[in-house]
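A closer look at the structure
In case you want the letters, here they are:
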Amino acid sequence: MANPEQGNQTVPTEFILLGFGNLPELQILLFLLFLIIYIVTVAGNVLIIVLVVADQQLHTPMYFFLGNLSCLETCYTSTILPRMLASFLTGDRTISISGCLTQYYFFGFLAVAECYLLAVMSYDRYLAICKPLHYAVLMNGRSCLQLAVGIWISSSLAADITIFLMQQLTFCGPNEIDHFFCDFIPVIKLSCSDTRMMELVTTMLAPICTLLPFLLTLATYVCIITTILRMPSTTGWQKAFSTCSSHLIVVSIFYGTIIIVYMLPKTDTLRDLNKVFSVFYTIVTPMVNPLIYSLKNREVKEALGKVVTKLSAVKRIQTVLP
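In this text the structure is predicted, and so the values were computed from the model without any measurement.

1. Looking at the side chain of Thr 74
Relative to the helices and strands, Thr 74 is located in helix 2 (residues 61-90). A polar atom in the side chain of Thr 74 sits 2.8 Å from the backbone oxygen of Ser 70. Beyond its immediate sequence surroundings of up to four residues, Thr 74 is in contact with Val 42, Asn 45 and Val 46.

Next up, the structure:
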């Protein structure tokens, strides 16, 4: 990574995540807001996982991948929010260089996994709506497991390559990161090493990890919408659209904010709003995913109703027993 000293220049051993430190009067309010978001996110996603595992009705490819997404989102938000909450509470915004690289590794790994997982989920909906007769054969249990394992392994490999190159960097200048977590571009800007090789490798990885799954997701939804519009009955149209509308909302929020943060030209206005948009895809999206799926999917609502009924029955039995 870096030696403690380089020539006569002291090498920093930690970074300062500025985050939302420019709003000192709002620190307690922000702490309470993000604490509530974190609790809701973890509780909602864990509930989805429990429902998918416990309810036989949800033992389908669609809900298998939804369970993977909820597991991913729980880890994703836990990579960023606990550290942010601690800085709001204590005022300590420092993070060691190794801690910063560790945070970026898990953030990058999980972000890439989400891109791949959203693409696979859209492919699952494509097969269910556009190729219903082949769905059971193409999306069997073995295929689902292979896709899930492939997502996690390939995402880990991409993150391994990036973090290996980042560990070779030397940091010897300013150590302030104007962000609330260790993102790639803000960290690279602090390096005094030659970053051309790193930028070349990440430029090659970025299309594979983000653009390719995005285009696959986009293509599948073009096919899905085309197929739905060709359906003769309104009932069939509504039923088909209801099965993929939840996923479409999640995809739109996730990719919409990523495009704004990473791809649009950095005007003064967008630069000022960069942290706000980053909050959407790193913190808000993991929170709203369980809400969207539970509100839009009849099967999830029925499974939740069964759990509530069972808990009510247990409580009644406990009150009757001495």
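2. Structural notes on helix 3 (residues 97-130)
Taking 1.5 Å as the rise per residue, helix 3 with 34 residues should run 50 Å; its terminal C-alpha atoms sit 49 Å apart, in good agreement. Among the 34 residues that make up helix 3, 27 are buried, leaving the element largely enclosed by the rest of the structure.

3. Some details on the pattern of salt bridges
Applying the stated rule across the entire model yields three salt bridges. A salt bridge links Asp 178 to Lys 275, with the shortest nitrogen-to-oxygen separation between them at 3.0 Å. One end of the pair, Asp 178, is in the loop between strand 5 (176-177) and helix 6 (184-189); the other, Lys 275, is in helix 9 (residues 268-296), and 97 residues separate them in sequence. We classify Lys 275 as buried; its relative accessible area is 13%. With a closest N to O distance of 2.7 Å, Asp 194 and Arg 196 form a salt bridge.

4. Observations concerning the UniProt feature "transmembrane region" (unreviewed entry) in the chain
In this structure's numbering, the residues bearing the UniProt feature "transmembrane region" (unreviewed entry) are residues 28-53, 65-84, 104-123, 144-166, 204-229, 241-264 and 276-295. Within residues 28-53, the helical portion is 100% and the strand portion 0%, while the C-alpha atoms at the span's ends are 37 Å from each other. Secondary structure over residues 104-123 splits into 100% helix and 0% strand, and the C-alpha atoms at its two ends are 29 Å apart.

5. Remarks on the sheet that holds strand 4 (residues 94-96)
As summarised here, the arrangement of the three strands in space is 4-3-5, forming an open sheet in which the pairing is mixed. Looking at which strands have only one partner, the edges of the open sheet turn out to be strand 4 and strand 5. For strand 3 (residues 14-17) and strand 5, the ladder comprises two bridges, and the chain directions are parallel. Bridging across to strand 5, Leu 17 finds its partner in Ile 177.

Parameters at a glance
- Residues numbered from 1 in each chain as written.
- Predicted model: local features only at pLDDT ≥ 70, side-chain atom pairs only at ≥ 80, totals over all residues.
- Heavy atoms only, no water.
- Helix = DSSP H or I, 4+ residues; strand = E, 2+ residues; numbered from the N terminus.
- Polar contact = N/O pair within 3.5 Å; in protein donor to acceptor, adjacent residues only side chain to side chain.
- Contact = heavy atoms within 4.5 Å.
- Expected span 1.5 Å × (residues − 1).
- Buried < 20%, exposed > 50% of the residue type's maximum accessible area, 1.4 Å probe, protein only.
- Salt bridge = Lys/Arg side-chain N within 4 Å of Asp/Glu carboxyl O.
- UniProt positions renumbered as here; feature names shortened; annotations may be inferred.
- Pairing = 2+ DSSP bridges.

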